[in-house]
Amino acid sequence: MTPPVLVIGRGPAGMLAASLFCLAGVAVDLVADGAGTLPLWSGAWHFRSYDGARLLDDPWQWWADAEGHPYAAWSSQQWREGWQTLSQVWRLAGIPTHPLPSRNWWTVSAAGTPDRAFLVPAWQYAVPAAEPVCLVGFEGLADSLADVQAVRYSRRCNLRAEVLALPSPPGWDGTWSTVRWASYLESEPGGAWLLEELTRRLAGVSDELPLLFPQVMGIRRVADILGAITRSTGRRAYEVPAPPPALGGIRIQEQWTRWLLRNGARFRSGHVDGITEDGVTWHHTQSLNGAAVVNATGGVLGGGLAIRRDGSLWETVAARRLGGSSALGQDGRVVTAGRQLPGCDPDRHGDGGAVNLASAVEAVRGTLQRLGWQPARSAGEGGVGIVESH
Amino acid sequence: MVVVVGGGATGLGVAWDLVQQGVPVTVVEQGDLGQGTSGRFHGLLHSGARYAVEDPGTARDCWTENQILRRIAPGAVEATGGYFVATAGDAEEYEERWLLGCQTAGIPVRPVPVAEARQRVPALGGGVRRVYGVPDGVLEGFSLLLGLAKGIVAQGGAVWPRTRLTRVASRAGSVSGVELDGAGGRRTLACSAVVNAAGPWAGEVSTRFEDPIALRLASGTMLVFAHRQVPLVINRLAPPGDGDILVPHRHVSIFGTTDVPVAHAGALGATVSEVQRLMELGGELYPGIEQWRVLRAFAGIRPLFDGGISAEGWVSREFAVIDHGRRGGMAGAFSVVGGKWTTYRKMAQETANAVMGYLGIRRTADTATLRVPLDPGPGSADSDATPLICECERVSAAALARQNGSLSERRVATWFGMGPCQGTFCGDRAAQSRARVVGVEAAEQELAAFRAERAKGMVAVRWGRNAQQEALQQAIRWQTLGEREERP
Ligand SMILES: Cc1cc2nc3c(=O)[nH]c(=O)nc-3n(C[C@H](O)[C@H](O)[C@H](O)COP(=O)(O)OP(=O)(O)OC[C@H]3O[C@@H](n4cnc5c(N)ncnc54)[C@H](O)[C@@H]3O)c2cc1C
Ligand SMILES: Cc1cc2nc3c(=O)[nH]c(=O)nc-3n(C[C@H](O)[C@H](O)[C@H](O)COP(=O)(O)OP(=O)(O)OC[C@H]3O[C@@H](n4cnc5c(N)ncnc54)[C@H](O)[C@@H]3O)c2cc1C
């Protein structure tokens, strides 16, 4: 029996690579020593959002002109197919999104400032052009100082931002975390309390404004809660991201994990500490066989790169010192994806989503090619294609 | 009116003493209270044992003041006790001199069986030969500074942060006033005496008295580790040197220090080589130190008085009160230099005596028996009915709002942003609540200053989980919160 492909890391890059292997009918093991970064952010994928401090409107143009980026050579066609692939994977996994846009969506950051993103979960606020908004704040929620965020929004966008302040619900105390808030709001009394408070206080807010809530609107039932608000108030209702723990990413990770498990991926927990002829070693040198290895270990943030006290940089899965370039993957047997890629700086560039996407697609395509495997299920044009199986 | 220059332990101590005697005082501090050495120290309430051999006067002063501070500021002292630990490599001959020194200074020393010590302090390595218990403690410096400031104001004195002394005016050779530069611009203030308690800047300030004094400035680096790695203060039983003290401070531990001569008081910042040296020295006593998570590094500057260098190059921690009038400088100008945080009260008392002698005022109150009015202290507001802003240090929105001043001042008053995440999560929250008071623009400037200050502490300790934390901090700042503007 051929061993499975090993994907090291279950952050967004590893999850996507694993999904593509599943769809190609290839057995995959997801091996990781931690949860990855999805629980730390909203899950709205950047294509290319920043140009220095400036927010970027047209990511297509940026990529068409790009030079020196690892994926500068990707054509518009490749990007289009890539994004379609990702949104199909998410659709299969039950993660709803806004449609893929022709320009970056306008979104609002956790601090109330305008932001841009490309593939955005449906519960999150995303519009084609910035507009006046109403920010809703909960008194007892530390990250939800809507009045201050509204000032930030209108200063940055030159647009009106109104504020709707809601009190703390009965039973609330200072220790409520975002998760506690969310589970209250998706409980029956919580939902009723919210609608009642909203109807009582909405009169002061201009009619046409969308209501933007902090990202605590339920854990699993976010669509129901936002839907109920729209039905009872007649207003558009969305979430904006909150600082970690970020429910957007948590929801996505939960759905995505469930889908991967249903499709035969195996999740295995442990620290990988060596690369061998037949796969990897983990848990201090026990071996784990794999036909190929995808190294989606997330760089310094994810734990794939470790900085030692003497300043040297180590690749943790190989327990090897990095001098200049990666110690791995000389023979193509180990390919790298996600934030682990050299030169990847999503914080500065707002291209983390694009790098996750392109690197996962290339890692899977390259691996399949090298192993001479034909995808068991049919592939679309070019790249790793997906045909919906339902 | 007496003007006191310096909002550190010494200056606030002097002003606190003077207001008790009914003398009107104004303290001017060029930055925030405690921004000098008093906010960048090790946190050790010395028993004096550290100085028992090299500096017997300081040892005795420390022990006396240690006992006084426990009485007058119990809320700012944690009576942890301390150990002096000798390893196989440390000289026995020094141990004997040390025991004798402690005895002479009256410092109670108790031999501790090595097995007992190792049980209490599992972090200690195998090479421990001998352990003694001493009455060291932990000093909450910021809390005491803020208490003194509050007390001074309550008694009718004034404390002006962000106000710099730029000139001293004299009439017929005697101090007649000062020129100040502050938020409201330049102003003058008439006064009959000036006290220079400017710590490492005391040399610079003394030039305005036409009688400069020489200081020996040396920078000391300290490392902050997550968690209380030890339950009490640990000193190395060897001649005072680098990396010989570990102090448990609230939820963290502070290890230090080093001693690198510097040219001027502004030369702050821990260097990579000092941090590396500290890690190596630490490994000699704490074999597990490589696995401890380091949170940040910081440095303070010792303002030691150049009067007392011994043959071996040891600069005494003794202090000196200088009456410039008697040395041919301006009459009514005084400087107080050297000393320790632990001995601030005694330094303040002797300085106040000199000033009162000059002004012809009799002492009526004794600060050795006067309680300092302390706030309940950080972390005591857990049960507030407001959300937690800082989860690491459990600081609520209400606790933060109770403090006046900038984000940095609130940080030292409440301890928010000092825990494992170093303000990654709570910095923006705190700035938002601050924006309700000072407006968004000003709050964002304070946030930038807060971030820069926290980031500075990361520079020399960028390894292991701390490097990972720094990467997360960047992701949150730039991607989640859109704090991108200040990027180059
Ligand atoms: C706060 C924050 C905000 C973000 N905002 C955005 C955004 O707005 N838009 C956007 O597109 N992207 C955003 N991102 C995503 C980010 O920019 C990266 O693209 C993403 O985090 C990279 O994911 P990854 O899968 O490469 O790595 P990670 O998610 O870090 O996953 C690494 C995985 O590797 C595992 N691992 C590492 N070493 C080993 C080992 N030796 N053995 C076993 N397992 C190992 C870890 O346990 C983990 O599971 C954000 C990220 C953060 C943290
Ligand atoms: C690394 C290190 C560790 C230490 N650890 C300990 C310890 O564990 N225990 C202990 O007891 N002692 C310790 N000390 C010693 C102790 O911290 C200092 O002796 C004490 O803090 C000095 O206080 P100060 O008020 O004299 O000076 P500072 O705290 O420096 O105060 C002087 C103030 O004057 C202000 N200033 C300067 N110029 C002007 C001007 N022109 N106008 C207005 N304001 C001005 C400065 O901004 C500053 O805030 C340590 C010292 C160092 C360096």
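Residues numbered from 1 in each chain as written. Chains lettered and ligands numbered in written order. Predicted model: local features only at pLDDT ≥ 70, side-chain atom pairs only at ≥ 80, totals over all residues. Heavy atoms only, no water.

Draft legend 1. Just the overall build of chain B, in detail. Of regular secondary structure, chain B possesses 13 helices and 23 strands. On C-alpha atoms alone, chain B measures out to a radius of gyration of 22 Å, which is about the 23 Å that the 2.2 N^0.38 rule sets for 488 residues. Along the three orthogonal principal directions, the C-alpha set of chain B runs to about 65 × 60 × 40 Å. Burial analysis of chain B (488 residues in total) assigns 62% to the buried set. (Helix = DSSP H or I, 4+ residues; strand = E, 2+ residues; numbered from the N terminus. Rg over C-alpha atoms; globule rule 2.2 N^0.38 Å. Buried < 20%, exposed > 50% of the residue type's maximum accessible area, 1.4 Å probe, protein only.)

Draft legend 2. Fine view of the sheet that holds strand S12 (residues 272-276) of chain A. Residue and element names in this part refer to chain A. Across the sheet, 3 strands lie side by side as S12-S13-S14; this open sheet has antiparallel pairing. Each end of this open sheet is capped by a strand with a single partner; those strands are S12 and strand S14 (286-289). Direction aside, the axes of adjacent strands within the sheet are offset by 30° on average. Across 4 bridges, the pairing between strand S13 (residues 279-282) and S14 is antiparallel. What sits directly across from Thr 281, in S14, is Ser 287. (Pairing = 2+ DSSP bridges. Axes fitted to C-alpha atoms, helices over the stretch in contact; angles between N-to-C directions.)

Draft legend 3. Spotlight on empty space enclosed by the protein. Throughout the structure, instances matching the rule amount to 3 cavities of 30 Å³ or more. Volume-wise, the largest cavity comes out at about 100 Å³. What lines the largest cavity is a set of 17 residues, and nearest its centre among them are Asp 143, Ser 144, Gln 149, Pro 214 and Val 240 of chain A. Residue assignment for the lining of the largest cavity shows that the elements contributing at least two residues are strand S7 (133-138), helix H4 (146-157) and strand S9 (211-214) of chain A. In terms of residue class, the lining of the largest cavity is made up of 12 nonpolar, 4 polar and 1 charged. Lining of the second largest cavity is provided by Ala 110, Ala 142, Asp 143, Leu 145, Gln 149 and Pro 243 of chain A together with Asp 428, Arg 429, Gln 432 and Leu 481 of chain B. The residue inventory of the lining of the second largest cavity, partitioned by class, reads 5 nonpolar, 2 polar and 3 charged. (1 Å grid on protein atoms, 1.4 Å probe; cavity = no way out; pocket = protein on both sides within 12 Å on 5 of 7 lines; lining within 4 Å. Points joined across faces, edges and corners; volume = space filled by probe spheres on them. Nonpolar A, V, L, I, M, F, W, Y, C, P; charged D, E, K, R; others polar.)

Draft legend 4. Structural detail: the site of ligand 2. All names here are of chain B. Lining the immediate environment of ligand 2, one finds 37 residues, of which Thr 10, Glu 29, Ser 38, Leu 44 and Thr 342 sit closest. With respect to ligand 2, the side chain of Ser 38 contributes an N or O atom lying 2.5 Å from an oxygen atom. Between Leu 165 and ligand 2, the recorded distance is 3.0 Å, taken from a backbone N or O atom to a nitrogen atom. Taken by itself ligand 2 offers 1,000 Å² of open surface, and the protein chains cover 98% of this. Sorting the residues of the shell around ligand 2 by element identifies helix H1 (9-20), strand S10 (163-171), strand S14 (215-226) and strand S19 (294-305) as the ones contributing at least two each. (Near = heavy atom within 4 Å. Polar contact = N/O pair within 3.5 Å; in protein donor to acceptor, adjacent residues only side chain to side chain. Areas by Shrake-Rupley, 256 points an atom, 1.4 Å probe, with all protein chains shown as cover.)

Draft legend 5. Representation of the site of ligand 1. In the vicinity of ligand 1, 38 residues are found, and the nearest of them are Asp 33, Thr 37, His 46, Val 272 and Arg 339 of chain A. Here a nitrogen atom of ligand 1 and a side-chain polar atom of His 271 of chain A are 3.4 Å apart. In the complex, the protein chains occlude 98% of the 1,000 Å² of accessible area that ligand 1 would expose alone. Where the shell around ligand 1 is concerned, the elements lending two or more residues are helix H1 (12-23), helix H9 (299-302) and helix H11 (352-371) of chain A together with helix H13 (464-480) of chain B.

Draft legend 6. Spotlight on the pairing of S12 of chain A. Residue and element names in this part refer to chain A. With 4 bridges connecting them, S12 and S13 associate as antiparallel partners. In the sheet register, Ile 275 faces S13, and the bridge partner there is Val 280. Connecting S12 to the antiparallel partner S13 that follows it, the hairpin turn spans 2 residues.

Draft legend 7. Representation of the interface of chain A and chain B. Of the residues lining the interface, 42 residues belong to chain A; the matching set on chain B comes to 39 residues. Between chain A and chain B, a total of about 3,400 Å² is buried, with carbon and sulfur atoms accounting for 51% of that surface. Its largest share of buried area at the contact with chain B, chain A owes to Arg 152, Arg 309 and Asp 347 of chain A, together 22% of the area lost on that side. Taking the shortest distance from any N to any O, the salt bridge between Arg 152 of chain A and Glu 444 of chain B comes out at 2.7 Å. Across the contact surface, chain A and chain B share 14 residue pairs in polar contact (both at pLDDT 80 or more). Taken together, the elements giving at least two residues each to the side of chain A that touches chain B come down to H4, H9 and helix H10 (346-349) of chain A. In terms of residue count, the dominant contributor to the side of chain A that touches chain B is H4 of chain A (7 residues). Here the side of chain A that touches chain B is composed, by residue class, of 19 nonpolar, 10 polar and 13 charged. (Contact = heavy atoms within 4.5 Å. Buried area = accessible area lost by both parts, 1.4 Å probe. Salt bridge = Lys/Arg side-chain N within 4 Å of Asp/Glu carboxyl O.)

Draft legend 8. Expanded view of the packing of aromatic side chains. What the rule picks out here adds up to 30 aromatic pairs over all chains. An angle of 45° between the planes, with centres 5.6 Å apart, marks the rings of Tyr 286 of chain B and Trp 292 of chain B as tilted. Assessed through its relative accessible area of 2%, Tyr 286 of chain B is described here as buried. An aromatic cluster of at least three residues, connected via ring pairs, comprises Phe 47, Trp 60, Trp 62, Trp 63, Tyr 71, Trp 74, Trp 79, Trp 83 and Phe 118 of chain A. Over the ring of Trp 106 of chain A we find Arg 116 of chain A; its NZ or CZ atom is 3.9 Å from the centre of that ring. Positioned above the aromatic ring of Trp 123 of chain A is the side chain of Arg 251 of chain A, whose terminal nitrogen or guanidinium carbon lies 4.9 Å from the ring centre. (Phe/Tyr/Trp six-rings, centres within 6.5 Å; stacked < 30°, edge-to-face > 60°. Lys NZ or Arg CZ within 6 Å of the ring centre and 35° of its normal.)

Draft legend 9. Representation of the packing of helix H6 (residues 188-201) of chain A against helix H7 (residues 222-233) of chain A in the model. Residue and element names in this part refer to chain A. Packing of H6 against H7 leaves a shortest axis separation of 11 Å and a crossing angle of 35°. Crossing angle aside, the handedness with which H6 passes H7 is right-handed. Packed against H6, whose contacting residues are Leu 194, Leu 195 and Leu 198, the element H7 presents Ile 225, Ala 228, Ile 229 and Ser 232 at the interface. Per-class residue counts for the contact of H6 with H7 are 6 nonpolar, 1 polar and no charged. (Left-handed = near helix turned anticlockwise from the far one by under 90°.)

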